[in-house]
Amino acid sequence: TAAAATAAVATTDAPAGNDATTTATSGGSSGGVRKVVTASGLGSGAGTWLLMSGSGASPEGNKPFLDLLHLESGETHRLWQSQPPHYEAMGSLMSDTDPEAPLTVEGMSLMLSRESASEPPQSFLTTFHDAGRRCDERRVTDFPHPYPQLRELRREVLRYPRSDGVMLTATLYLPPGYDQATHGPLPCIVWAYPREYKTKEAAGQMRRSPHQFTSIGSTSPTLWLTRGYAVLDGPTLPIVADVQEGSETKAAANEGVKAPEPNDTFVDQLTDGARAAVTEAVRRGVADPARISVGGHSYGAFMTANLVAHAPDLFAAGIARTGAYNRTLTPFGFQNEERTLWQAPEVYNRMSPFMMADKVSKPLLLVHGEDDSNPGTFPLQSERFYQALKGHGATCRLVLLPHEGHSYRAYESIMHTLYEQDQWIERYAGYGRLDPTYATDDTAAAGGSEGSVSD
């Protein structure tokens, strides 16, 4: 989908030359008719042109683009598009022409970022000439690799089907120096965030690029690569409304019959998507099925709690950061759920892992900012869920971070979160490299610390 830029562009005169230019589909006054922009028309300067940018979704991944759309005829011309083996993203548009005069393509510049799977993003300045048929380029930045020790990490975008045919996507990371024949299957962390969709087609769309650089944040799951883990990052876990073929059509035809909502089958679709992701990682021989853990933040924490409750055969342990676990405490909707608790009580209860506390049999680490003001994830959610889990004998730990909100900012909070996560996964789904002072339910039972709450 293309979005119109705020400025209109009047093209300048340019030599007619080669009359063959871009063919594209436009949605202007032509009503979506496919038209060819001629070189003479592009350079004529007649009419008004709009700048149109988009993510450029394709089966091979996103390829962002910048188009010119002729407002009067609907003709389009592609000024620029990202091309493999790089991923490029559009930044600012600039022009040195008189600000009182109409903006023209001639001399207009585009600041863009360019990256690859192995090289960090760099800024380039692209200047257009000959009505956009030619451009000059100048590199502006030369940033070094931010983490050279991970330069040789392996990254692959996976595509695999869910049991109902919906195509899913995940990014698999393997640590530098990994050799499958030598090292065999690795402990694996699955880090995800589910999203709702109205159709299977939208849910299965490819939304990432295999040419993007791996950026590592302060609490990113890819940090586990330095510890020798495989990381399955961002496996798509779509929750789709029309899981039954033609269900929306039938609802429209039968007055009084409600069309399905994505969350009507949340648990089934969530576990189905997770099972497909784990199966794919194990099939490739890079993940040890006995040492796969799952984690997420916010709605990803809600996902994690549901997966350890409903799919204990898939995961050895879980990490849930800053989540909500009892949906009756968010009675007027959550995420993209627009129905209230009183309109869909069964959905609210079925989706709440709090109601399944007696079924949680795998170790679960809960982390929460003590001052989280996000209305859907008050710290009470983690505190009550922890009490319910402990009351049923589950192996769990609650870490409350003082003065932190929904996201963690302080150096001490981030480092402690990383420490807690590392020790939790090492103990229950990793290599067993433990800090002897780290206390869990297991160490408490053996005579260690009696508490499982960390402040």
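Looking at an unreviewed UniProt entry, one finds the protein named Probable glutamyl endopeptidase, chloroplastic, with Volvox africanus as its source organism. The UniProt entry for the protein carries this comment under Function (unreviewed entry): "Serine-type protease active in vitro against the LHCII N-terminal. Cleaves its substrate on the carboxy-side of Glu residues." A UniProt comment under Subcellular location (unreviewed entry) is attached to the protein, and it reads "Plastid, Chloroplast stroma".

> Outline the environment of Q335, listing residues and values.
Examined against the element boundaries, Q335 turns out to sit in the loop between β18 (317–321) and α7 (345–351). In this structure the C-alpha to C-alpha distance between Q335 and Y299, which are 36 residues apart in sequence, comes to 7.9 Å. In this view, Q335 contacts Y193, E196 and Y299; residues no more than four positions away in its chain are not counted. Only 2.9 Å separates the side chain of Q335 from the side chain of Y193, close enough to count as a polar contact.

> Hey, could you go over the side chain of D288 for me, with residue numbers and the actual values?
Relative to the helices and strands, D288 is located in strand β17 (residues 287–297). Those residues in contact with D288 that sit more than four places away from it in its chain are P185 and L186.

> So what about the packing of helix α5 (residues 266–283) against helix α6 (residues 299–310)? Which residues, and what values?
In contact at an axis separation of 10 Å, α5 and α6 are set at 85° when each is read in the N-to-C sense. When the axes of α5 and α6 are compared, the pair comes out roughly perpendicular. The segment α5 lies against α6, with F266, V267, L270, T271 and A274 engaging Y299, F302, M303, N306, L307 and H310. Looking at the contact of α5 with α6, its residues break down into eight nonpolar, three polar and no charged.

> For a nonpolar patch on the surface, give the residues involved together with the corresponding values.
There is a patch of nonpolar side chains on the surface, built from L329, F378 and L380 and spanning about 260 Å² of accessible area. Looking at the secondary structure, you find L329 in the loop between β18 and α7.

> I'd like a rundown of the pairing of strand β4 (residues 49–54), residues and numbers included.
Counting buried residues along β4, five of its six residues qualify, which places the element largely inside the surrounding structure. Two strands pair when backbone bridges link them, and β4 and strand β5 (residues 65–70) are joined in this way by six bridges, in the antiparallel orientation. Bridge pairing links S53 to L66 in β5.

> Can you explain the pairing of strand β9 (residues 122–129)? Please cite residues and give values.
Within a regular strand, side chains alternate between the sheet's two faces. Counting buried residues along β9, seven of its eight residues qualify, which places the element largely inside the surrounding structure. Strand direction decides the pairing type here: strand β8 (residues 109–115) and β9, joined by six bridges, are antiparallel. Note on β9: the bridge partner recorded for R114 is Q122. The loop that links β8 with its antiparallel partner β9 comprises six residues. Of the pairings in the sheet, the one linking β9 to strand β10 (residues 134–139) comprises six bridges and is antiparallel in character. Residue H129 lies in a different strand from β10, and its bridge partner there is R134. Counted along the chain from β9 to the antiparallel partner β10, the turn is four residues long, and its residue D130 has a positive phi close to 50°.

> Tell me what's going on with the packing of aromatic side chains, and back it up with residues and numbers.
Considering all chains together, one arrives at twelve aromatic pairs under this definition. Measuring from ring centre to ring centre gives 6.1 Å for Y147 and F213, while their planes differ by 10°; the resulting arrangement is stacked. With a gap of 66 residues between them, Y147 in the loop between β10 and β11 (154–161) and F213 in the loop between α3 (200–203) and β15 (230–233) connect regions that are remote in the sequence. Note on F213: relative accessible area 9%, which makes it buried. On the numbers, 5.2 Å between centres and 50° between planes, the contact of F332 with W342 is tilted. Here W342 lies in the loop between β18 and α7 and F332 lies in the loop between β18 and α7, a separation of ten residues in the sequence. Owing to a relative accessible area of 59%, W342 belongs among the exposed residues under this scheme. What links up through ring pairs into an aromatic cluster is the set Y193, F266, Y299 and F302. Over the face of the ring belonging to F124 we find R114, whose NZ or CZ atom lies 4.2 Å from the ring centre. Directly above the aromatic system of F302 lies the positively charged group of R327, at a separation of 4.4 Å from the ring centroid.

Rules and cut-offs
Residues numbered from 1 in each chain as written. Predicted model: local features only at pLDDT ≥ 70, side-chain atom pairs only at ≥ 80, totals over all residues. Heavy atoms only, no water. UniProt positions renumbered as here; feature names shortened; annotations may be inferred. Helix = DSSP H or I, 4+ residues; strand = E, 2+ residues; numbered from the N terminus. Contact = heavy atoms within 4.5 Å. Polar contact = N/O pair within 3.5 Å; in protein donor to acceptor, adjacent residues only side chain to side chain. Axes fitted to C-alpha atoms, helices over the stretch in contact; angles between N-to-C directions. Parallel < 35°, antiparallel > 145°, perpendicular 65-115°, else oblique. Nonpolar A, V, L, I, M, F, W, Y, C, P; charged D, E, K, R; others polar. Patch = residues over 30% accessible without salt bridge, like charges linked within 9 Å, V, L, I, M, F, W, Y side chains within 5 Å. Areas by Shrake-Rupley, 256 points an atom, 1.4 Å probe, with all protein chains shown as cover. Salt bridge = Lys/Arg side-chain N within 4 Å of Asp/Glu carboxyl O. Buried < 20%, exposed > 50% of the residue type's maximum accessible area, 1.4 Å probe, protein only. Pairing = 2+ DSSP bridges. Phe/Tyr/Trp six-rings, centres within 6.5 Å; stacked < 30°, edge-to-face > 60°. Lys NZ or Arg CZ within 6 Å of the ring centre and 35° of its normal.

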